[in-house]
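Examining the three-dimensional arrangement
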Amino acid sequence: AKRVCDEAFKSKEDSYFRANQLARFGYWEKDMDTGKEFWCERVYSILGVDPSEAAPGLETLLKVVHLKDHHKVLEANEEAQATGRPVDFSYRIRRPDGELRFIHSVVERSAKAHQRPTKLLGIVIDVTDSVNYEKEHYERDSGFRLVSDIARGQSAEVSAFESIKSTIGYVQEKFPDYRISYSVLNKDYQDKVLISLQPETMSSLEGTEIDLSIAPLYATSLLAQTLVVDDVLKDRLFDPVVDVFKAAAVRSFIKVPLRHSKELKGILCMDSPEPRSWTGNEMASLLRIGKYLEIASHDAHLIEEVKKQ
């Protein structure tokens, strides 16, 4: 009977260890009377801390916790001690090797038979993969969601120009801090802005005409692919037209070419007066909208031709 019990216990222990590894969680406990704290091996692994070089405890934990999240850890521990209820909280850590990880924890107070609180118990879970997946999923789908919202608001009877203008209005509502514009670029590299919507702090570019024949490399790149530029002043490609960008207060932009015909291409643009690193969400959204506009304007042109005939 003892052997069977030992084997059963060992089996449960092995299962727990495997589950612990797969779930990426570790546990810890602290004796509130003596202040002595214990961390399981998995906690050290999650935090990227060498157990031979660091003693388990709040001081060691806070060395890797993001400075802006220190208060979350301290407040959760204080609340658990004061109320006796489990406290859920999340925070970021920066491992000694520089890697940023996202952590979710639960801490609660335990009591002995006489109900005197003696321990704090905690679980530490590495949720980085889940956070990254959700972020990528959101950025990938945000463009589709915006396009879906735009499409629902469109009427099959609107003209191509009205369809484009309406769509740009939706985009500007989605990204109110940027100027959203639509221009047409002909085969002679003459670029004319037809629509410009922007916050009050930025001027309209509507009606502006730019001769891009003086910057053929830029014009060719613009016609061939989506351009994402963090700072036009740091890219030699824009040297011939840098004064134009300065006059229009354009420091960074995303430009998506729309293939309307062999003679004419539309350019959907989102720009900022300050240098910036564009996010995956912003780039994905504008690319999706550009594809949608190609289809919507093509359909609108077809409807106009049918009406004429």
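Criteria and cut-off values
Residues numbered from 1 in each chain as written. Predicted model: local features only at pLDDT ≥ 70, side-chain atom pairs only at ≥ 80, totals over all residues. Heavy atoms only, no water. Helix = DSSP H or I, 4+ residues; strand = E, 2+ residues; numbered from the N terminus. Buried < 20%, exposed > 50% of the residue type's maximum accessible area, 1.4 Å probe, protein only. Contact = heavy atoms within 4.5 Å. Areas by Shrake-Rupley, 256 points an atom, 1.4 Å probe, with all protein chains shown as cover. 1 Å grid on protein atoms, 1.4 Å probe; cavity = no way out; pocket = protein on both sides within 12 Å on 5 of 7 lines; lining within 4 Å. Points joined across faces, edges and corners; volume = space filled by probe spheres on them. Phe/Tyr/Trp six-rings, centres within 6.5 Å; stacked < 30°, edge-to-face > 60°. Salt bridge = Lys/Arg side-chain N within 4 Å of Asp/Glu carboxyl O. Pairing = 2+ DSSP bridges. Core = buried A, V, L, I, M, F, W, Y, C linked by side-chain atoms within 4.5 Å. Polar contact = N/O pair within 3.5 Å; in protein donor to acceptor, adjacent residues only side chain to side chain. pLDDT = per-residue confidence, 0-100. Patch = residues over 30% accessible without salt bridge, like charges linked within 9 Å, V, L, I, M, F, W, Y side chains within 5 Å.

Moving on: the overall build of the protein. Assigned secondary structure in the protein consists of nine helices and eleven strands. Buried residues in the protein amount to 39% of all 309 residues. At a minimum sequence separation of 6, the contacts of the protein that also span at least 24 residues come to 49%. Here the protein has roughly 18,000 Å² of accessible surface; of this, 54% comes from carbon and sulfur atoms.

What the largest pocket holds in volume is close to 280 Å³. Taken together, 23 residues form the lining of the largest pocket, with W28, E37, L58, L61 and N77 sitting closest to its centre. For the lining of the largest pocket, the elements supplying multiple residues, two or more each, are strand 1 (25-31), strand 2 (37-39), helix 2 (41-47), helix 3 (58-64), helix 4 (70-83), strand 3 (87-94), strand 4 (100-111) and strand 5 (117-126). Looking at the lining of the largest pocket, the element that brings in the most residues is helix 4, giving five residues.

Bringing the packing of aromatic side chains into the picture now. Applying the stated criterion across every chain, the model contains nine aromatic pairs. Where Y218 meets F238, the ring centres are 5.1 Å apart and the plane angle is 75°; that geometry is what we call edge-to-face. You can see Y218 sitting in helix 7 (residues 216-224) and its partner F238 sitting in the loop between strand 9 (227-229) and helix 8 (242-247), a full 20 residues away along the chain. The pair formed by Y218 and F238 is uniform in burial state, with each residue classed as buried.

Enumeration over the complete set of coordinates arrives at eleven salt bridges. D69 is the partner of K72 in a salt bridge, and the nearest nitrogen-oxygen pair spans 3.7 Å. Put simply, D239 and R236 hold a salt bridge, and the shortest N to O gap is 2.4 Å. For D239, a relative accessible area of 36% translates into the label partly exposed. Overall, R236 belongs to the exposed group, its relative accessible area being 68%. What you see here is one network of salt bridges that share partners, running through R95, E99, R101 and D126.

With that settled, consider the pairing of strand 10 (residues 252-259). Burial analysis of strand 10 places seven of its eight residues in the buried class, the great majority of the element. Pairing of strand 9 with strand 10 involves three bridges; the strand directions are antiparallel. Each residue of the ladder has a partner; that of V229, found in strand 10, is F253.

The biggest cluster of nonpolar side chains holds 24 residues, and the ones touching the most others in it are L47, Y91 and V107. For this core, the elements supplying multiple residues, two or more each, are helix 2, helix 3, helix 4, strand 3, strand 4 and strand 5. Among residues more than four places away in sequence, those in contact with L47 are W39, L61, V64, I93, R95 and P96. In this structure, L185, L212, Y218 and L227 belong to the second largest nonpolar core, which totals 21 residues.

All right, on to the environment of D211 then. Within the secondary structure, D211 is located in strand 8 (residues 209-211). Note on D211: relative accessible area 34%, which makes it partly exposed. Those residues within four positions of D211 in sequence are excluded, and the remaining contacts are Y189 and Q190. Side-chain polar atoms of D211 contact the side chain of Q190, separated by 2.8 Å.

Below, the discussion takes up the confidence of the model for the protein. Residues at a pLDDT of 70 or more form 74% of the protein, whose mean pLDDT is 79. Confidence, read as mean pLDDT per element, is least for helix 1 (residues 2-23) in the protein (49) and greatest for helix 8 (93). Scored below 50 in pLDDT, residues 15-23 makes eight contacts in the model with residues more than four places away or belonging to other chains. Overall, residues 146-158 carries pLDDT values under 50, and its contacts beyond four positions in sequence, including any with other chains, amount to 23 contacts.

Here Y189, not a glycine, exhibits a phi torsion of approximately 70°, which is positive. Relative to the helices and strands, Y189 is located in the loop between strand 6 (179-186) and strand 7 (190-197). Despite not being glycine, A249 shows a phi value in the positive range, around 55°. By the secondary structure assignment, A249 is in the loop between helix 8 and strand 10.

Take a nonpolar patch on the surface next. Residues Y27, F38 and I123 make up a contiguous nonpolar surface patch of roughly 250 Å² in combined accessible area. With respect to the helices and strands, the residue F38 is situated in strand 2. For F38, a relative accessible area of 39% corresponds to the partly exposed category.

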